[in-house]
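Coordinate analysis (summary)
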Amino acid sequence: MTTTEQPGAELPLQQLESVVIRFAGDSGDGMQITGNQFTLTSALVGNDLATLPDFPAEIRAPAGTRPGVSGFQLQFSSSDIHTPGDAPDVLVAMNPAALAVNLKDLKSDGLVVINTGNFKAIDLKKAKCDTNPLDDGSLAGYRVIPVDINTRVMEALADSPLSNKDKARCKNFYTLGLMYWVYSRPLSTTEKWLDAKFGSKPELADANKRALRAGFNAGDIHELFQGRYEVPKTEELPDGTYRNIMGNQALAMGLVAGAKLAGLRPVLGSYPITPASTILESLADYKHFGVITIQAEDEIAAICAAIGASFAGALGMTSTSGPGMALKGEAMGLAISTELPLVIVDIQRAGPSTGMPTKVEQSDLLQSIFGRNGDAPMPVIAAATPGDAFAMAIEACRIAVQYMTPVILLSDNFIANGAEPWLLPEISSLGAFPVSFVTEPEGHMTYKRDERGSRPWVKPGTKGMEFRIGGLEKDETGNISYDPDNHRSMTEQRHLKVAKVAESIPPAETRGCDEGDVLVLGWGSTLGIITQGVIDAIAKGHKVGQVHLRHVWPLPPGLDELFSKFKAVLVPEMNMGQMTRVLRSEMPHHNYVSYPKVTGQPFLTTEIVAKIESLLEN
């Protein structure tokens with residue numbers, strides 16, 4: 001394992017299998033940067049990891065208040081892991097509000113590192129702390145490391161040309177350096193990042209690097225800790241080249257790859273909205289791959305631009321979150337009526353209305369499947385992890401062009417901002433699905449269908465191939481028709497086409513036990529938590545299986561048979577039971593147990609295990 005040859009390196013390292021750290025502070029304290037840098041360094045060291053960023057909903061909540069607390073939790077491990085951890089082993093609290101909000105989650109014997117420089121009377125008042133936690137006994141049972149980080153940073157940067165305000169902003173890197181010392185992380189990755197980040201402002205790069213080194217050295221000089229720890233490189237991951245990746249980054253790359261595999265130019269029409277905005281930002285960086293991005297004036301213009309791109313022979317895409325999905329509804333109906341390929345990305349967040357835009361939920365499922373006027377069927381798929389977002393973006397592109405239909409790809413806050421080591425796929429392993437545009441007018445009709453139920457795709461302006469499509473009902477020739485029998489036929493054909501998507505997806509499979517007492521069914525970002533919960537339940541001797549859906553409409557084949565092998569089907573989801581409603585409508589004869597959670601936070605592994613055991617007791 002790579003370590004930094006600096007003070008303290010000679011101390012014996014205590015081996016740990018995994019560690020869960022949570023960095024917490026004011027929204028201006030740089031906790032997301034701190035967490036992301038620790039994540040990147042741990043990924044390069046070779047650990048498996050999973051992350052859980054937690055943003056305040058307000059753009060700039062009042063400094064030092066509980067609503068303004070920003071957190072970043074990660075678990076890094078020498079073994080294969082599935083979750084960012086239920087409870088932190090270590091809490092780094094930059095102020096009283098961060099301590100008050102997060103202390104309840106810390107393990108009973110956990111380590112808490114406190115920036116005592118922010119525990120003045122005014123800080124306690126802002127955090128609504130009646131007493132000082134440093135003195136009132138509320139930290140009994142924890143290992144407390146008090147550090148006046150504010151003062152230490154100012155001392156380290158005493159001769160820096162920066163203003164005191166700018167010097168104070170370096171305290172997150174002091175904190176990062178301190179944690180790097182404790183867990184034997186190298187400084188080089190973050191130092192290179194700082195040089196690149198502040199290339200035009202070397203004085204900022206230098207100040208942050210000095211703060212980083214000061215924090216690292218403090219672990220030894222001030223003898224704050226009992227020793228140093230090491231989480232070795234994991235040997236359980238498959239061989240290959242890995243990179244650390246976040247969900248929206250992977251999804252953006254998957255959209256580019258999917259369009260290329262179809263032989264089409266990707267065109268994204270989007271309007272910024274949390275937490276989908278980084279898809280637009282990421283794709284804007286891929287102009288050298290022929291990507292066109294359009295930041296439209298609103299959600300409706302964004303999807304209409306994407307539909308126009310597909311009409312012209314490109315692959316139209318649009319990205320949004322729940323409120324934007326509602327605004328796009330009419331245009332989705334237009335894409336269904338015209339039967340044009342379109343990829344609609346919905347990064348779900350807690351709602352309704354503005355709701356909690358930085359918190360996680362899976363509450364757009366029914367909206368995605370049924371939430372349009374008229375009988376307007378559309379395939380819906382869901383990513384399960386940050387890395388899986390790449391594969392599911394390609395899958396959305398495949399379905400869209402092969403079935404000439406808009407497709408909804410669901411993700412959420414947990415996936416979008418979470419990170420994990422991602423095994424780079426071999427390009428040759430990505431199966432192409434090239435599009436063939438119709439160019440011969442002989443026998444052509446606009447809505448004449450192939451074996452998949454798809455209509456032919458013709459580029460406007462193709463000689464002799466004039467055609468008509470639009471939002472009004474049409475017959476097979478593309479002419480407008482108000483004939484009742486034709487409307488019935490076209491409605492049925494659109495539904496049949498979407499149903500046929502199930503023929504091109506693999507059958508559902510179980511993990512864990514193939515039959516038994518409880519089958520835990522999940523979809524989307526609950527994969528990791530459910531997987532670990534099932535592993536833990538089986539370790540206790542319970543007969544539990546797991547099935548996870550990535551294709552949520554139409555449902556994959558084989559589910560009915562799988563369900564029949566278990567006494568109960570437990571469905572944990574971060575909504576009020578939407579997937580359970582879908583399953584009961586499609587296969588009503590099974591015993592479904594809905595397990596909803598709508599706190600804006602993901603499930604805990606212990607919650608899944610406890611629910612399984614409660615079912616076994618009944």
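Whatever comes next refers back to the structure up there.
Thresholds applied
- Residues numbered from 1 in each chain as written.
- Predicted model: local features only at pLDDT ≥ 70, side-chain atom pairs only at ≥ 80, totals over all residues.
- Heavy atoms only, no water.
- Pairing = 2+ DSSP bridges.
- Helix = DSSP H or I, 4+ residues; strand = E, 2+ residues; numbered from the N terminus.
- Axes fitted to C-alpha atoms, helices over the stretch in contact; angles between N-to-C directions.
- Parallel < 35°, antiparallel > 145°, perpendicular 65-115°, else oblique.
- Left-handed = near helix turned anticlockwise from the far one by under 90°.
- Contact = heavy atoms within 4.5 Å.
- Nonpolar A, V, L, I, M, F, W, Y, C, P; charged D, E, K, R; others polar.
- Salt bridge = Lys/Arg side-chain N within 4 Å of Asp/Glu carboxyl O.
- Buried < 20%, exposed > 50% of the residue type's maximum accessible area, 1.4 Å probe, protein only.
- Polar contact = N/O pair within 3.5 Å; in protein donor to acceptor, adjacent residues only side chain to side chain.
- 1 Å grid on protein atoms, 1.4 Å probe; cavity = no way out; pocket = protein on both sides within 12 Å on 5 of 7 lines; lining within 4 Å.
- Points joined across faces, edges and corners; volume = space filled by probe spheres on them.
- Core = buried A, V, L, I, M, F, W, Y, C linked by side-chain atoms within 4.5 Å.
- Expected span 1.5 Å × (residues − 1).
- Right-handed = clockwise from strand over helix to strand, strands pointing away.

Take the sheet that holds strand β5 (residues 90–93) next. Taken in spatial order, the 6 strands line up as β3-β4-β2-β5-β6-β7 in an open sheet, and their pairing is mixed. Single-partner strands in this sheet number two, and they are β3 (48–54) and β7 (143–147). Between one strand axis and the next, the sheet turns through 15 degrees on average, direction left out of account. Note that β3 and strand β4 (residues 69–77) share 7 bridges and pair antiparallel. Each bridged residue has a counterpart across the sheet, and for Asp54 the counterpart in β4 is Gly71.

With that settled, consider the packing of helix α9 (residues 247–262) against helix α10 (residues 277–284). For any two helices packed against each other, the geometry comes down to the angle between their axes and how far apart the axes lie. α10 packs onto α9 with a crossing angle of 50 degrees between their chain directions and a minimal axis gap of 9 Å. Classed by the angle they form, the pair α9 and α10 counts as oblique. Remark: the crossing between α9 and α10 carries right-handed chirality. Contacts between α9 and α10 pair Asn248, Gln249, Leu251, Ala252, Leu255 and Val256 from the former with Thr278, Ile279, Ser282 and Leu283 from the latter. Residues that form the contact of α9 with α10 fall into these classes: 6 nonpolar, 4 polar and no charged.

Okay, the pattern of salt bridges next. Scanning the model with the defined rule gives 20 salt bridges in all. In this structure, Asp166 and Arg169 form a salt bridge, with 3.0 Å as the shortest nitrogen-oxygen distance. The exposure class assigned to Asp166 is partly exposed, which follows from its relative accessible area of 24%. In this structure, the salt-bridge partner of Lys597 is Glu607, at a minimum N-O distance of 3.0 Å. Pair noted here: Lys597 is in the loop between β22 (592–596) and α21 (605–617) and Glu607 is in helix α21, with a separation of 10 residues, a long-range link. Connected through shared salt-bridge partners, Asp159, Asp206 and Arg210 make up one network.

Our focus in this paragraph is the side chain of Ser481. Considering the arrangement of structural elements, one finds Ser481 in the loop between β16 (419–423) and α17 (484–500). Looking at Ser481, its side chain comes within polar contact range of the main-chain nitrogen of Asp483, at 3.2 Å. Residues contacting Ser481, with those up to four places away along its chain left out, are Glu473, Lys474, Asp475 and Asn486.

Turning our attention to empty space enclosed by the protein. This structure, assessed with the given rule, holds 2 cavities of 30 Å³ or more. Looking at the largest cavity, its volume works out to about 110 Å³. Split by residue class, the lining of the largest cavity holds 6 nonpolar, 5 polar and 2 charged. The space that makes up the second largest cavity amounts to roughly 30 Å³. As for the second largest cavity, its lining consists of Ile336, Glu339, Pro377, Thr405, Pro406, Arg494, Lys497 and Val498. In terms of residue count, the dominant contributor to the lining of the second largest cavity is α17 (3 residues). A class-by-class count of the residues in the lining of the second largest cavity yields 4 nonpolar, 1 polar and 3 charged.

Moving on to the nonpolar core. Core analysis: the largest hydrophobic core is formed by 90 residues, its most contacted members being Leu251, Leu255, Leu283, Leu521, Phe563, Met579 and Leu583. Excluding residues that lie within four positions of it along the chain, Leu251 makes contacts with Ile279, Val345, Ile347, Ala389, Phe390, Ala393, Leu409 and Ser411. By size, the runner-up hydrophobic cluster in this structure holds 44 residues, among which are Leu49, Val90, Trp181 and Val231.

Once that is clear, we can look at α9. Look at α9: 22 Å from first C-alpha to last across 16 residues, which is about the 22 Å you get at 1.5 Å a residue. For α9, the buried fraction is high: 14 of the 16 residues fall into the buried class. In the segment just after α9, Gly263 is the residue with positive phi, at about 75 degrees.

This part covers the pairing of strand β2 (residues 18–26). Where a strand is regular, its side chains alternate between the two sheet faces. Counting buried residues in β2 gives 8 out of 9 residues, a clear majority hidden from the surface. With 9 bridges connecting them, β2 and β4 associate as antiparallel partners. Counted as the bridge partner of Gly25 is Ser70 from β4. Across 4 bridges, β2 lies against β5 in parallel orientation. Its bridge partner being in β5, Phe23 is matched across the sheet by Val92.

Another aspect to go through is the environment of Ala382. Considering the arrangement of structural elements, one finds Ala382 in strand β14 (residues 380–382). The buried category is assigned to Ala382, whose relative accessible area is 1%. Each C-alpha atom, one on Ala382 and one on Lys497, is 20 Å from the other, the two residues being 115 residues apart in sequence. Ignoring anything within four residues of it in the chain, the contact list for Ala382 reads Asp388, Met392, Leu409, Leu410, Trp523, Gly524, Arg550 and Val552.

Judged by how many residues are buried, strand β6 (residues 111–115) sits mostly within the fold: 5 of 5 residues are covered. Of the two faces of β6, the one carrying Leu111, Val113 and Asn115 and the one carrying Val112 and Ile114 are both buried. Summarising the sheet, β5 and β6 pair through 4 bridges and their orientation is parallel. Residue pairing in the sheet places Val90 in a bridge with Leu111 of β6. With helix α2 (residues 96–102) bridging β5 and the parallel β6, this β-α-β connection has right-handed handedness. Sheet topology note: the β6/β7 ladder contains 5 bridges and is parallel. Within the sheet, the bridge partner assigned to Asn115 lies in β7 and is Val147. Note that the unit made of β6, helix α3 (residues 121–126) and β7 has a crossover that is right-handed.

Geometry only, nothing functional implied.
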